[in-house]
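# An overview of the molecular structure
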Amino acid sequence: METIDRALFVPDGTPAYVDSPMAIGYNATISAPHMHATCLQLLEENLKSGMHVLDVGSGTGYLTACFALMVGPQGRAVGVEHIQELADSSIKNIKKSAVAPLLKEGSLSIHVGDGRQGWPEFAPYDAIHVGAAAPEIPQPLLDQLKPGGRMVIPVGKMIQDLKVIDKNEDGSISVRSETPVRYVPLTSRGAQLRGC
């Protein structure tokens with residue numbers, strides 16, 4: 001997080017280092033730095049050099065850039081964002097950051113799509129991070145998690161918990177709650193733009 005400057009990933013004129021979530025337009029937010037740090041710690045063992053990571057709801061691209069730095073040029077960091085304008089601006093942000101070479105080389109990529117469906121092209125993933133709250137854990141994301149992989153996802157509607165999901169080597173799933181959280185909903189593009 002020290003290497004990837006958050007100021008490059010927040011709207012101009014906003015206090016980049018305040019520890020609170022921030023609106024980024026399109027009824028989306030960038031999480032507070034302490035939540036980014038929490039998710040990076042929870043996924044740390046699954047973000048080693050050469051591993052694959054999926055960032056669902058990649059927003060401004062900040063956490064995707066952090067993931068890319070951790071998995072390095074031998075790995076693969078994939079961001080999925082369903083708002084084209086956010087995806088476009090995240091690419092501009094990343095080009096100004098320390099991981100710009102990884103974007104250019106292709107080990108870091110941002111895609112426009114419904115993150116609830118994951119991004120099968122580069123699956124399976126060692127780590128999956130979801131930056132919006134799902135009413136339940138999306139099956140396509142579980143399917144794209146590698147045995148030995150870990151997913152961090154906020155789950156719930158009004159009351160949400162940050163869930164840590166481990167896929168065991170035999171394919172079985174272990175789930176635990178890490179902490180209560182408050183995220184925007186993981187929803188369709190249309191519902192998000194309407195603020196639903």
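Parameters at a glance
Residues numbered from 1 in each chain as written. Predicted model: local features only at pLDDT ≥ 70, side-chain atom pairs only at ≥ 80, totals over all residues. Heavy atoms only, no water. UniProt positions renumbered as here; feature names shortened; annotations may be inferred. Buried < 20%, exposed > 50% of the residue type's maximum accessible area, 1.4 Å probe, protein only. Helix = DSSP H or I, 4+ residues; strand = E, 2+ residues; numbered from the N terminus. Salt bridge = Lys/Arg side-chain N within 4 Å of Asp/Glu carboxyl O. Contact = heavy atoms within 4.5 Å.

In the nomenclature of an unreviewed UniProt entry, the protein is known as Protein-L-isoaspartate O-methyltransferase of Salix purpurea. Turning to the protein, the UniProt record has this under Sequence similarities (unreviewed entry): "Belongs to the methyltransferase superfamily. L-isoaspartyl/D-aspartyl protein methyltransferase family." UniProt annotates the protein under Catalytic activity (unreviewed entry) with the comment "[protein]-L-isoaspartate + S-adenosyl-L-methionine = [protein]-L-isoaspartate alpha-methyl ester + S-adenosyl-L-homocysteine".

It is worth spelling out helix α2 (residues 62-71) at this point. Burial analysis of α2 places eight of its ten residues in the buried class, the great majority of the element. Restricting attention to buried positions, one finds in α2 the residues Y62, L63, T64, A65, C66, F67, A68 and V71. Looking at the residues trailing α2, positive phi occurs at G72, about 70°.

Tallied over the full model, the rule gives five salt bridges. Of the charged contacts, one joins E45 and K48 as a salt bridge, the two residues approaching to 3.7 Å between their closest N and O atoms. Judged by its relative accessible area of 36%, K48 is partly exposed.

This part covers the side chain of E81. You can see E81 is positioned in strand β4 (residues 76-81). Setting aside residues no more than four positions away along its own chain, E81 makes contact with G57, S58, G59, L86, A87, H111, V112 and G113.

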